[in-house]
Amino acid sequence: MNSQGLDEFAGWVEGLMRRRGYDIDSPRGGGKSRIADEAGVHRAAVTRLLQRQSMPDLETMRRIAPLLGVSVRDMLIRSGRVTPEELPLAADLLPPTDWQPTMEDFARWLGVPDERMGVFVKVVSQFLEPDAADEPDEPRAEPRRSARD
């Protein structure tokens, strides 16, 4: 990463820290130590970022992101380590809401070989489609009671 990218990322993180109430501007404010303690990271990692010396590693980002109210995905994208395309949102991976998967889709997801696809579809369909022989055409009559009942 170039120094401009590090500077932009550090500036973004500084803004997040200030909005969350971390006093990172005064030498005795304790904000850097507080965020490091709350995140469970070394104070030096926070200091190096704020002084634009180095980008935090993945574990540091994972721990700091929730304290700053952002996702790890946002941290990674803002840091320049990944692009939005390399780390899509889960919603971007979902099919359209009106899409209905077919039996063949389920077979593929389960790893059914192509040569057994027809058998899979036939067998599974038997369990899903109502069988006319199992459904009564007329209401069932009450069982006869014996004189002893």
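In what follows, the structure referred to is the one given above.
Chemist: Hey, could you run me through the pattern of salt bridges in this one?
Modeler: Oppositely charged side chains can pair when the atoms bearing their charge come close. Per the stated rule, a full pass over the model turns up 8 salt bridges. Its salt-bridge partner being Arg62, residue Glu59 comes within 2.5 Å of it at the nearest N-O pair. Linking Glu59 with Arg62, this pair stays in helix H4 (residues 58-68), spanning 3 residues, or about one helical turn. Two residues, Arg108 and Asp105, come together in a salt bridge whose shortest N-O distance is 3.8 Å. With Arg108 and Asp105 both in helix H7 (residues 103-110) and 3 residues apart, this pair spans about one turn of that helix.

Chemist: Sorry, what's going on with the packing of aromatic side chains here?
Modeler: Each aromatic ring pair is described using two quantities: the centre-to-centre distance and the angle formed by the ring planes. Per the stated rule, a full pass over the model turns up 2 aromatic pairs. A centroid spacing of 5.9 Å and a plane angle of 40° characterise the contact between Phe9 and Trp12, whose relative ring orientation is tilted. Residue Phe9 and its partner Trp12 are both found in helix H1 (residues 3-19); the two are separated by 3 residues, about one turn of the helix. Grouping residues by exposure puts Phe9 and Trp12 together as buried.

Chemist: Where do I start with the side chain of Arg73 in this structure?
Modeler: Within the fold, Arg73 resides in helix H5 (residues 72-79). Of the buried charged residues, Arg73 lacks a salt bridge, with Asp74 as the closest side chain of opposite charge at 4.1 Å. Apart from the residues lying within four places of it in its own chain, the contact partners of Arg73 are Pro84, Leu87, Pro88 and Leu89.

Calculation notes
- Residues numbered from 1 in each chain as written.
- Predicted model: local features only at pLDDT ≥ 70, side-chain atom pairs only at ≥ 80, totals over all residues.
- Heavy atoms only, no water.
- Salt bridge = Lys/Arg side-chain N within 4 Å of Asp/Glu carboxyl O.
- Helix = DSSP H or I, 4+ residues; strand = E, 2+ residues; numbered from the N terminus.
- Phe/Tyr/Trp six-rings, centres within 6.5 Å; stacked < 30°, edge-to-face > 60°.
- Buried < 20%, exposed > 50% of the residue type's maximum accessible area, 1.4 Å probe, protein only.
- Lys, Arg positive; Asp, Glu negative; His and termini not counted.
- Contact = heavy atoms within 4.5 Å.

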